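The residues making up each chain are set out below.
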Amino acid sequence: MGSVASRWLVPAVVVITGAAVAAGMVGRTVYARPAEAKGTPAVESSVVGTLPGSAEVRLSPDSFTHPDRTSVQRVLQEYFDAINAGDFVSWRGVVSARRVSGTPEASWVSAYETTRDGGMVVQRIESDVVGRRLRVLLSFVSTQDVAKAPPALPEGCIRWRVVYVLVWEGGELKVDEAAENRNPQMEKC
């Protein structure tokens, strides 16, 4: 009787161990997926119904791995909410002092008065060596009056790929004015 039990013991242990490993791998795959903003997957804005798309800033799986992702998502959400609401005071609260000083309220209001941004997806977040600046690769869609569109692309709907530089200022992350911001990629929707 002892030899029958020992003969089944090894295969039973192998089967149980294999099942445990498989369950662990499935669990790891499910739980390792980034829980993107409010559980919605980050999709390209071209898939979204009405342009410019959702006003929610979302994170790609790549950007989700960055330790400052929550702060980046929060500041960019406030940034785009301010633009969409035409709220200069709120916008001023999420940009650096350098950016505020170079942006008169009247020209900001004029530039953004017809702008609606949507489909924002943070594609990548990179820290500099010292950790004082973050470079954020971001895609989004803007709709605006053609007269208010960039001179390089006078269109009513534009798909943007930009790099925004964010800096720590007073313990908070702020959208800064930097050379990287000045070379966006844009195309007609």
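A. Representation of the layout of surface pockets within the structure. There is about 640 Å³ of room inside the largest pocket. Lining the largest pocket are 23 residues, with Y79, R99, Y112, W160 and Y164 positioned closest to its centre. Among the elements of the structure, α3 (69–85), α6 (105–112), β3 (133–143) and β4 (157–169) are those that each provide at least two residues to the lining of the largest pocket. For the lining of the largest pocket, a count of residues per class yields 13 nonpolar, five polar and five charged.

B. How the structure looks around the nonpolar core. With 30 residues, the main nonpolar core has V72, L76, Y79, V122, L138, Y164 and L166 as its most contacted residues. Among the elements of the structure, α3, α4 (88–92), β2 (116–127), β3, β4 and β5 (172–175) are those that each provide at least two residues to this core. With seven residues, α3 is the largest single contributor of residues to this core. Beyond its immediate stretch of four places on either side in the chain, L138 contacts L76, F80, M120, V121, V122, Q123, W160, R161, V162 and Y164.

C. Here's a closer look at the pairing of β3. Here β3 lies mainly inside the structure; eight of its eleven residues are buried. Pairing geometry for β2 and β3, over nine bridges, is antiparallel. Note that in β3 the partner of R124 across the bridge is L137. Where β3 meets β4, eleven bridges bridge the pair, whose relative direction is antiparallel. In the sheet register, L137 faces β4, and the bridge partner there is V163.

D. Inspection of the packing of aromatic side chains at higher detail. Tallying each qualifying case throughout the model produces nine aromatic pairs. Measuring from centroid to centroid gives 6.5 Å for Y79 and W91, while their planes differ by 40°, and the two rings are tilted. Residue Y79 is located in helix α3, and its partner W91 is located in helix α4; the two are separated by twelve residues in the primary sequence. Considered together, Y79 and W91 belong to a single accessibility category, that of buried residues. By the ring-pair criterion, three or more aromatic residues cluster together here, those being Y79, F80, F88, W91, W108, Y112, F140, W160 and Y164. Note that R69 overlies the ring of F64, its terminal NZ or CZ placed 4.3 Å from the centroid.

E. Spotlight on the pattern of salt bridges. What the rule picks out here adds up to eight salt bridges. Measuring nitrogen to oxygen at the nearest pair gives 2.8 Å for the salt bridge that ties E113 to K148. Separated by 35 residues along the polypeptide, E113 in the loop between α6 and β2 and K148 in the loop between β3 and β4 bring together distant segments of the chain. By relative accessible area, which is 29% here, K148 ends up partly exposed. Close ionic contact of E126 with R135 constitutes a salt bridge, the shortest N to O distance being 3.6 Å.

How each quantity is defined
Residues numbered from 1 in each chain as written. Predicted model: local features only at pLDDT ≥ 70, side-chain atom pairs only at ≥ 80, totals over all residues. Heavy atoms only, no water. 1 Å grid on protein atoms, 1.4 Å probe; cavity = no way out; pocket = protein on both sides within 12 Å on 5 of 7 lines; lining within 4 Å. Points joined across faces, edges and corners; volume = space filled by probe spheres on them. Helix = DSSP H or I, 4+ residues; strand = E, 2+ residues; numbered from the N terminus. Nonpolar A, V, L, I, M, F, W, Y, C, P; charged D, E, K, R; others polar. Core = buried A, V, L, I, M, F, W, Y, C linked by side-chain atoms within 4.5 Å. Buried < 20%, exposed > 50% of the residue type's maximum accessible area, 1.4 Å probe, protein only. Contact = heavy atoms within 4.5 Å. Pairing = 2+ DSSP bridges. Phe/Tyr/Trp six-rings, centres within 6.5 Å; stacked < 30°, edge-to-face > 60°. Lys NZ or Arg CZ within 6 Å of the ring centre and 35° of its normal. Salt bridge = Lys/Arg side-chain N within 4 Å of Asp/Glu carboxyl O.

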